[in-house]
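# Observations on the three-dimensional arrangement
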Amino acid sequence: MNSDKIKELKNRINYCKNIVITTHKNPDGDAIGSSLALYHFYKKKNFNVKVIVPNQYPSFLAWLPANDEIIVYEDDKKAASDLLFKADIIFCLDYNSLNRTGGLFELLKNNNAVKILIDHHLKPSNDEFDYIFSETDTSSTAELIFDFINKSGDIALVDKNIAECLYVGIVTDTGSFSYSCNNSKTYTIVAELVKTGIDCALIHDFVYNSFSFSRVKLLGFTLYQRLIVLPEYHTAYIYLSKSDFEKFDFKNGDTEGIVNYPLSIKGIYFSVLFTEKEDYVKMSLRSKGEFCVNEFVRDNFNGGGHKNAAGGESFLSLQKTIDKFVNLLPFYSEKIKKSF
Ligand code: 5GP
Ligand code: MN
């Protein structure tokens, strides 16, 4: 991150009052952790600051400090649009393009506030933002928020609240330090966070051991009945229909992490989860090694993300989406085979 650009921005922000922090649709641990960390930072600096997210996020994040301050656009459209209307500064965290913000898209697109992107996804939409801090080889946006605060000259303001939020961002975006985790800088930042007195074991417990009984049963059912392995393509996929979700009393976030299970099978390098939503099919893709799932989903299903973790949407039926996916595999088999 460029220190001069951050200092210039700091001076500009100092003349402003109202800051709004936004993140992408279906917010994950990094989206919420980064947003709340920056919220605490500007709160300490006495700005009027709010976090607005497009839709609900998983309940395993709801313990984070200042969780109650988050405005969910889909639940309170008026509050969200009033705040965005008054905003001087809008932070855009953990997304590379405004079209990742669901229902917030129109409100952001037509907004004249200064828009600041801080993100680690490939190919940021340069025209949509006034300041861009995009580093694609960073584990998480949370790491970039730490950098941003540090290079603003405010590291002394990083307290336990900020550290807890940033730690959640880093832990969830690295799968508990199991991918995107080969950079020593990540651990240097984590060391700084630990110094504030955060309890890493407790945070891990909040994030990973907070499932409902029905969520655990959904996982068992999914692995037994809905997992298809295609060894010839080193690929496996999982599909879950609307009626499956009804059977297991589905709550937002219940499918979190399920896409990773197929990668625990020896010889499987590419895993996809298809979930049937009200009017589309959500796809989550993961890979091991060199196979770029973001390119695969960008070229075929209008999505994007990172090399080893990406997502997309299909407007075909669940079965037609799966058929299209399976029919594509022969064209990618060499790349998948050499991935790992
Ligand atoms: P997940 O599978 O956890 O929903 O998403 C994995 C990664 O892909 C995340 O980094 C997320 O930002 C990105 N991603 C998920 N869904 C989409 C999508 O519909 N479009 C794009 N461009 N990226 C997505
Ligand atoms: Mn992220």
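Before going into details, it helps to say that this report is about the structure given with it. Predicted model only: the values in this text are computed from it and were never measured.

### With respect to the sheet that holds strand β11 (residues 304-305)
Spatial strand order, β7-β8-β9-β10-β12-β11: six strands in an open sheet with mixed pairing. Strands with a single pairing partner mark the edges of an open sheet, and in this sheet they are β7 (227-230) and β11. Across seven bridges, the pairing between strand β9 (residues 270-276) and strand β10 (residues 281-287) is antiparallel. Bridging from a neighbouring strand, Phe-270 pairs with Ser-287 of β10. Packed onto the sheet, helix α9 (residues 213-225) meets β7 and β8 (235-240) and runs at close to 130° relative to β8. Along the sheet, helix α11 (residues 293-301) contacts β9, β10, β11 and β12 (309-314); its crossing angle with β12, the most-contacted strand, is approximately 10°.

### Section: the packing of helix α2 (residues 29-44) against helix α6 (residues 160-173)
When two helices pack together, their arrangement is captured by the angle between the axes and the distance separating the axes. It is the contact of α2 with α6, at a shortest axis distance of 8 Å, that shows an interaxial angle of 160°. What the angle tells us is that α2 and α6 run roughly antiparallel. The two elements α2 and α6 cross, and the hand of that crossing is left-handed. When α2 is examined against α6, the residues Gly-29, Asp-30, Gly-33, Leu-36, Ala-37, His-40 and Phe-41 are found in contact with a partner set consisting of Asn-161, Ile-162, Cys-165, Leu-166, Val-168, Gly-169, Thr-172 and Asp-173. Here the contact of α2 with α6 is composed, by residue class, of seven nonpolar, six polar and two charged.

### A short note on the packing of aromatic side chains
A complete count under the given rule lists 23 aromatic pairs for this structure. Of the aromatic side chains, those joined through ring pairs into one cluster are Tyr-237, Phe-270, Phe-274, Phe-291, Phe-296, Phe-301, Phe-325 and Tyr-332. In this structure, Lys-217 packs its charged tip against the face of Phe-213, placed 4.3 Å from the ring centre. Positioned above the aromatic ring of Phe-340 is the side chain of Lys-288, whose terminal nitrogen or guanidinium carbon lies 4.9 Å from the ring centre.

### With respect to the sheet that holds strand β2 (residues 48-53)
Pairing is parallel in the open sheet, where six strands are placed in the order β3-β2-β1-β4-β5-β6. Each edge of the open sheet carries a strand with a single partner, namely β3 (70-72) and β6 (131-134). When strand polarity is set aside, the average angle formed by the axes of neighbouring strands in this sheet is 20°. Of the pairings in the sheet, the one linking β2 to β3 comprises three bridges and is parallel in character. Each bridged residue has a counterpart across the sheet, and for Ile-52 the counterpart in β3 is Ile-71. The sheet strands contacting helix α1 (residues 3-14) are β1 (18-23), β4 (89-93), β5 (114-119) and β6, and the helix crosses β6 at an angle near 135°. Along the sheet, α2 makes contact with β1, β2, β3 and β4, crossing β2 at roughly 170°.

The rules we used
Residues numbered from 1 in each chain as written. Chains lettered and ligands numbered in written order. Predicted model: local features only at pLDDT ≥ 70, side-chain atom pairs only at ≥ 80, totals over all residues. Heavy atoms only, no water. Pairing = 2+ DSSP bridges. Helix = DSSP H or I, 4+ residues; strand = E, 2+ residues; numbered from the N terminus. Contact = heavy atoms within 4.5 Å. Axes fitted to C-alpha atoms, helices over the stretch in contact; angles between N-to-C directions. Parallel < 35°, antiparallel > 145°, perpendicular 65-115°, else oblique. Left-handed = near helix turned anticlockwise from the far one by under 90°. Nonpolar A, V, L, I, M, F, W, Y, C, P; charged D, E, K, R; others polar. Phe/Tyr/Trp six-rings, centres within 6.5 Å; stacked < 30°, edge-to-face > 60°. Lys NZ or Arg CZ within 6 Å of the ring centre and 35° of its normal.

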